[in-house]
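This is what each chain is made of:
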Amino acid sequence: MSAKSGHFSTVKSAARPRGQWRWRNIEGYFFIAPWLVGFLAFTLGPFIASLLLSFADWNLVKPPVWMGLRHYRTMFTNDPKWIKALYNTAYFTVFHVPSLLVAAMLTALLLNRQLPGIGVFRTLFYLPSVMGGVAMAILWVWIFSYRFGLLNQALAVLGIQGPKWLGSTVWAKPAFVIMSLWGFGGTMVIYLAGLQGVPRELYEAAEIDGAGAWHKFLKVTMPMMSPAVFFTIVMTIIGSFQIFTAAFIMTDGGPADATLFYALHLYRHAFQWLHIGYASAMAWFLFLVILVLTLIQVRLSGRWVYYAGEAPR
Amino acid sequence: MSRKVTRRELLRVSALVGAGALLAACQPKIVEVEKVVTKEVEKIVKETVEVEKEKIVEKEVTKVVEVEKVVKEIVIPAPKYEGVTIRFMSSYPITGTHPRAEFMQRVKELFEAKHPGVTVEMERVPDIDVRWKTETAARTLPVMLWDANMFCEMAEQGVFLELDDRLEDHPEVNLEKDYVIPGGAECMVYHQGKVVAMPYILSGPVMLCNMDLFDRNGIERPPDDWTWNDLLDICKELTQDTTGDGRIDQWGFNGGTTWDENFTQWIWTAGGEIISEDHKHTLVDSPEAKAAIQFYYDLRFKHNVWPRGEDTETMSVAGITNPFAAGKVGIQCSNWGAIGAFKAFPDLNYDLLHFPKFPGNDKRYHWIFMQNFAAPSWSEYPELDADLVIELGGPSSQRYAGRLKIQCPSYKKAIEEDFATPPPENARVILEIFAQYEVNHLPIFTGKTEWCVTVFGGELTKAFIGEVDLDTAIKEAVLAGDRVLASY
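Cut-offs and rules
- Residues numbered from 1 in each chain as written.
- Chains lettered and ligands numbered in written order.
- Predicted model: local features only at pLDDT ≥ 70, side-chain atom pairs only at ≥ 80, totals over all residues.
- Helix = DSSP H or I, 4+ residues; strand = E, 2+ residues; numbered from the N terminus.
- Domains from an automatic or database assignment.
- Pairing = 2+ DSSP bridges.
- Axes fitted to C-alpha atoms, helices over the stretch in contact; angles between N-to-C directions.
- Parallel < 35°, antiparallel > 145°, perpendicular 65-115°, else oblique.
- Left-handed = near helix turned anticlockwise from the far one by under 90°.
- Contact = placed C-beta atoms within 7 Å.
- Nonpolar A, V, L, I, M, F, W, Y, C, P; charged D, E, K, R; others polar.
- Buried ≥ 20, exposed ≤ 12 C-beta atoms within 10 Å, placed from the backbone.

(A) Representation of unusual backbone geometry in the model. Here the amide bond leading from A:Gly254 into A:Pro255 is cis, since omega sits at -5 degrees, within 30 degrees of zero. Checked against the element boundaries, A:Pro255 lands in the loop between helix H11 (245-250) and helix H12 (262-272). Omega for the peptide link from B:Pro423 to B:Pro424 comes to 0 degrees, which places this bond in the cis form. Here B:Pro424 shows up in the loop between helix H15 (412-419) and helix H16 (428-436). Although it is not a glycine, A:Asp257 adopts a positive phi angle of roughly 65 degrees. Position of A:Asp257 among the secondary structure elements: in the loop between H11 and H12. The phi dihedral of B:Asn304 falls on the positive side, at around 55 degrees, and the residue is not glycine. Its place among the elements puts B:Asn304 in the loop between helix H10 (287-301) and helix H11 (309-317).

Now the structure itself:
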């Protein structure tokens, strides 16, 4: 039922004195003041400061010196590690995003059943995603150990000689992709909620029309899940571009810069070498890349994302 | 007629009450301070003094005179500062049984005894590289333990407090006469002719040999004038599969690759340099430097006498974090701090060796890396901070550091009488290094950290983990290193 056909009693707002309007506005600002102050001081302020610093040279001690576009030129022309970091991050994103989403969707489909104890399984699959940071990174260092790690031991059972993982320039990035799947639980929960929101009548109608399991998934489940999938694609891409903690703890960008991700390279310039201006420029470039990718996805979403209640295109 | 309170009114009143409560809670606490005032007291003491004996031919006269003596008895000096706290920051242990912690606690106690009313708050900061930069930007930097990588850069920018005025009150401190300040490290102590830091400790490379491993294999301790070829022969003898499982589990040598410290001793001994004098060019591709790096590389990849990454990882998983102390490695290229660290391994029978000579070259070189203490120029209590710095680096503390064998002290007497003493048996090697080698500080220049991480930790390490061949690694190291140097 659309809003236009609903019955609403409309109350004509009585003409209020001007002073009362002003007092209401002040009241409103007063209530949002804590958040507003925090936003200005800790978000917008640093945003603007970092934008200005991206055009300056600053090492925390001396006053900033204006450099114009020099940092942006250096990124593209005189910093091979920047290019390497961008490549490593793009590599990780390209493999991490689809594998995470597929793993989350498959698991959500499996867990979308009314079975005794299903809640336990849902919890178990979700738990790893709330374990983050340093502890997880150290755990995975052990799992990826060449001689004694769980992963290579499991591969040995199958008769496969496991690679050096974190000690190999070829396998270090795939190791991070594998490790990142550990956290699919958050995405799985979103998909689970989405699956439970798909009307049963649609499945029944599809069955009546003779659709099998695969067709039901393709023609009913996926279109109805498309808003959730779109959301998770956007958020996962944004998150994957910012991978830092695991690389910092596990490999520190090695071996041989194979896991030198963008955020780690930025961190080094900012906090190890005091190139605050250059690091700010890197941060703004990353912001632009993520912004462009998000806009592209939003643009393309019109072709495949279905919102119930929208007028047909 | 009772009037219903609206939600808006309830929220308005709650917000006002909350704001009032917050304001009340933020009132400064009024604290009663008990003031203890002491003053100098003059005290009269009666003292009987035997003055003189007069010997006269006929009689002896002894005069005993009672003298009233006025004695100034200082009870407790009235404290100049009351309730003042000054801060100190370090990445090393501050509390516990670690030698560095013992050193810090002793300095704290001595300083606080000399400065009643003042408390020294010592903080261990593991992420000190980020923390000191943040505190510098915020102008809250406290007295700190520094190393050479960033100190001189910061000194150039006037970050540190001049100590000359306070040093006048400390005649026991004579930096020029009594301290070792290696060539190239002047900026760690002086800036524009003024003293801005007190030297703390010196680190340098040291060759250690596991005497039990040597004895088990019938190998004698090498002579002082041994060469790289002798080192290789000994390492080959010590590298064995002791368990018979087809895998080497005992190696002749172990060293590092990630920093300039790991390469410089080899390159200097071969007659090369790592960087040009003007700090504009990376020189690891000179023939001498290449020869040195090639020898070092071959220890691992040609002669297999140095454990590789997976071997170290295997040992680490098996709980062996120090292969030398665990008897898995015969010769360890380490630094002077190992001497103190090995006090934790009382059963370890090890000794010091001279660094082997480059075949055909009798001249010996030795790098040094200095740590120091300094206070910020914007200190709220410059006198106290300066006194703390002087206490930390002064002769008494230097001697204590020498006895603890944290690293080599900078105070000459502490080196001779405290640090360079057994154990190990041949601790005299330390003194002979200062006497016989050309000792210089590792190069100090702006951008050094980034350059080291790029050249040694980055490009050269790629070869030492087997990812690229050595020639390519050296070429890339020079290109990348020069790029970094050009950006500063």
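Past the structure itself, the notes keep going.
(B) Fine view of the domain arrangement of chain A. Taken domain by domain, chain A holds domain 1 (18-53) and domain 2 (80-304). On a C-alpha basis, the centroid separation for the pair domain 1 of chain A and domain 2 of chain A is 35 Å.

(C) Main features of the sheet that holds strand S10 (residues 251-254) of chain B. Residue and element names in this part refer to chain B. Taken in spatial order, the four strands line up as S10-S11-S9-S12 in an open sheet, and their pairing is mixed. Each edge of the open sheet is held by one strand with a lone partner, namely S10 and strand S12 (350-353). Within this sheet the neighbouring strands show an average axis-to-axis angle of 20 degrees, counted without direction. When strand S9 (residues 205-210) meets S12, the two strands line up antiparallel, connected through four bridges. Following the sheet pairing, Leu208 is matched in S12 by Leu352.

(D) Local environment of the packing of helix H14 (residues 395-404) of chain B against H15(B). Residue and element names in this part refer to chain B. H15 packs onto H14 with a crossing angle of 30 degrees between their chain directions and a minimal axis gap of 8 Å. Between H14 and H15, the interaxial angle falls into the category roughly parallel. The hand of the H14/H15 crossing is right-handed. Judged by residue contacts, Gln398, Arg399, Ala401, Gly402 and Arg403 of H14 engage Lys413, Ala414, Ile415, Asp418 and Phe419 from H15. In terms of residue class, the contact of H14 with H15 is built from four nonpolar, two polar and four charged.

(E) The arrangement of the interface of chain B and chain A in detail. In this assembly, 22 residues from chain B lie in contact with 21 residues from chain A. Elements with a minimum of two residues in the side of chain B that touches chain A: helix H1 (7-25), helix H3 (128-138), H11 and helix H17 (448-464) of chain B. Counted by class, the side of chain B that touches chain A contains seven nonpolar, six polar and nine charged residues.

(F) A look at the environment of B:Ser410. Residue and element names in this part refer to chain B. You can see Ser410 is positioned in the loop between strand S14 (408-409) and H15. Look at Ser410 and you get buried, because 29 C-beta atoms sit within 10 Å. For the pair Ser410 and Pro395, spaced 15 residues apart in sequence, the C-alpha to C-alpha distance is 9.2 Å. Not counting residues within four places of it along the chain, the set of residues in contact with Ser410 comprises Tyr179, Val180, Pro199, Tyr200, Ile201, Leu202 and Gln398.

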